[in-house]
Amino acid sequence: YKDYKKGGRPQKLNRYYDDIPDTLSNRNFQLKSLINLLEFFPVQQVYVEESEADDAIGYMCKYTHKHKNKIIISSDHDYYQLIKKNVLIWSPTLKSFVDKQKVLERYGVHPNNFCLAKSIVGDKSDNIPGVPRVGYKNLVKEYGYLFSDESFDSNMEKLFADNLQNSIKSKKKIYHNIKNYQDLITRNYKLVLLDVNNLSHYQLNKINEKFENFNPAWKNMNAYRFLNDLGIKSIDLLSSNQAFRLIKGKN
């Protein structure tokens, strides 16, 4: 879909300081420095060429880290479909955690069915058109089972079948619009779903190898030298290490 995420919002920059010359260049320098600095800490960084981070994170949540506790840091609603007992989202926009209850309260849709619901409603922020005159509120009103924890994301045919029967019995626009836009919903579902569909065998292997070969370690002296070269001399890495080990020990 060539218009997917077309015309997306520009990246936000830190406007706390007003006199930073060439702000974009400065931001890129900071990001590059942070990436290099994290190499000295027990942090695994994964970069998968020609794929979106969404798909890589979806794969890690569902497969490589399926049984581990996970926190996704993002304001992107696409990740709501990944929320489980061991998956939370920290939203920088909301400045709070998003769990199953918050998704239910805001959208009336269970995370297990959020992908399907979003495929019907659409998403303006990603330039994904939805079914006309269908929002989360009236969708859940007519299809209450989207509120339940039973997953219909992988069984949209049930919703299509139910909708066909409803369109025969009723003149409500929602039923007829969903019936007329089934191809759009199916296309949207492929765009929104976070799984392995959009990752090649090579990309999956790269993610797997990153974690198989990960050997977490602290390299404080290297980090101090790197920071010193940047003119940063006020960070106490020893205290950070001790705090991390204390938290890790409690968990």
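Model, not experiment: these values are computed from the prediction.

Q: Sorry, what's going on with the side chain of Ser167 here?
A: Mapped onto the elements, Ser167 comes out in helix 6 (residues 156-169). Looking at Ser167, the relative accessible area reads 7%, which means it is buried. Excluding residues that lie within four positions of it along the chain, Ser167 makes contacts with Tyr175, His176 and Lys179.

Q: So what exactly am I meant to see when it comes to the pairing of strand 2 (residues 87-91) here?
A: A regular strand places its side chains so that they alternate between the two faces of the sheet. Every second residue of strand 2 is oriented toward a common face, the buried set being Val87, Ile89 and Ser91 and the non-buried set Leu88 and Trp90. Note: strand 1 (residues 70-73) against strand 2, 4 bridges, orientation parallel. Note that in strand 2 the partner of Ile71 across the bridge is Leu88. The pairing of strand 2 with strand 3 (residues 96-98) spans 3 bridges and is classified as antiparallel.

Q: What is the right way to read helix 7 (residues 173-180) from this model?
A: Side chains of residues three or four places apart in an α-helix project in the same direction, reflecting 3.6 residues per turn. Those residues of helix 7 not exposed but buried are Ile174, Tyr175, Asn177 and Ile178. On its buried face, helix 7 sits against helix 4 (114-121), helix 5 (136-142), helix 6 and helix 8 (182-192).

Q: Can you walk me through the sheet that holds strand 1 in this structure?
A: The strands that make up a sheet are held in pairs by hydrogen bonds between backbone atoms, and each pair lies either parallel or antiparallel. The strand order across the open sheet formed by 3 strands is 1-2-3, and the pairing between neighbours is mixed. With one partner strand each, in any of the chains shown, strand 1 and strand 3 form the two edges of the open sheet. The mean angle between the axes of side-by-side strands here comes to 35 degrees, regardless of whether they run parallel or antiparallel.

Q: Quick question: what am I supposed to make of the packing of helix 6 against helix 7 here?
A: Relative to each other, helix 6 and helix 7 sit at 130 degrees, their axes nearing to 9 Å. Here helix 6 is positioned oblique relative to helix 7, judged by the angle of their axes. Helix-helix and strand crossings are classified by hand; for helix 6 and helix 7 the assignment is left-handed. Note on element contacts: helix 7 touches helix 6 through Ile174, Tyr175, His176, Ile178 and Lys179, opposite Leu159, Asn163, Leu164, Asn166 and Ser167.

Q: Can you help me understand the packing of aromatic side chains in this one?
A: Two numbers describe a pair of aromatic rings. These are the distance of the centres and the angle of the planes. All told, the structure shown has 11 aromatic pairs when counted by the stated rule. Ring centres of Trp90 and Phe97 lie 5.0 Å apart, and the angle between their planes is 70 degrees; on these two criteria the pair is classed as edge-to-face. The class of Trp90 is partly exposed, set by a relative accessible area of 28%. One aromatic cluster in this structure is built from Tyr80, Tyr107, Phe114 and Tyr136. Sitting over the ring of Tyr145, Lys158 keeps its end group 5.0 Å from the ring centre.

Q: Looking at this structure, I do not really get the pattern of salt bridges. What am I missing?
A: Where charged atoms from two side chains of opposite charge come close, those side chains can pair. Counted according to the given criterion, the structure contains 6 salt bridges. Asp123 is paired through a salt bridge with Lys118; the nearest N and O atoms lie 2.7 Å apart. With a relative accessible area of 12%, Asp123 lands in the buried category. One connected set of salt bridges, linked through shared partners, spans Asp78, Lys118 and Asp123.

Q: Whenever I open this one, the side chain of Asp195 confuses me. Can you help?
A: Turning to its location among the elements, Asp195 is positioned in the loop between helix 8 and helix 9 (201-212). A polar contact is formed between the side chain of Asp195 and the side chain of Lys62, at a distance of 3.0 Å. There is a polar contact of 2.9 Å between the side chain of Asp195 and the side chain of Tyr63. With residues up to four places along the chain from it excluded, the contact list for Asp195 reads Asp55, Lys62 and Tyr63.

Q: Please explain the packing of helix 4 against helix 8 as it appears in this structure.
A: To characterise two packed helices, one gives the angle between the axes of the helices and the distance between these axes. The contact between helix 4 and helix 8 brings their axes to 8 Å, and the two run at 130 degrees. One finds that helix 4 runs oblique with respect to helix 8. Once helix 4 is placed against helix 8, the crossing between them reads as right-handed. Judged by residue contacts, Cys115, Leu116, Lys118, Ser119 and Ile120 of helix 4 engage Ile185, Asn188, Tyr189 and Val192 from helix 8.

Cut-offs used in this document
Residues numbered from 1 in each chain as written. Predicted model: local features only at pLDDT ≥ 70, side-chain atom pairs only at ≥ 80, totals over all residues. Heavy atoms only, no water. Helix = DSSP H or I, 4+ residues; strand = E, 2+ residues; numbered from the N terminus. Buried < 20%, exposed > 50% of the residue type's maximum accessible area, 1.4 Å probe, protein only. Contact = heavy atoms within 4.5 Å. Pairing = 2+ DSSP bridges. Axes fitted to C-alpha atoms, helices over the stretch in contact; angles between N-to-C directions. Parallel < 35°, antiparallel > 145°, perpendicular 65-115°, else oblique. Left-handed = near helix turned anticlockwise from the far one by under 90°. Phe/Tyr/Trp six-rings, centres within 6.5 Å; stacked < 30°, edge-to-face > 60°. Lys NZ or Arg CZ within 6 Å of the ring centre and 35° of its normal. Salt bridge = Lys/Arg side-chain N within 4 Å of Asp/Glu carboxyl O. Polar contact = N/O pair within 3.5 Å; in protein donor to acceptor, adjacent residues only side chain to side chain.

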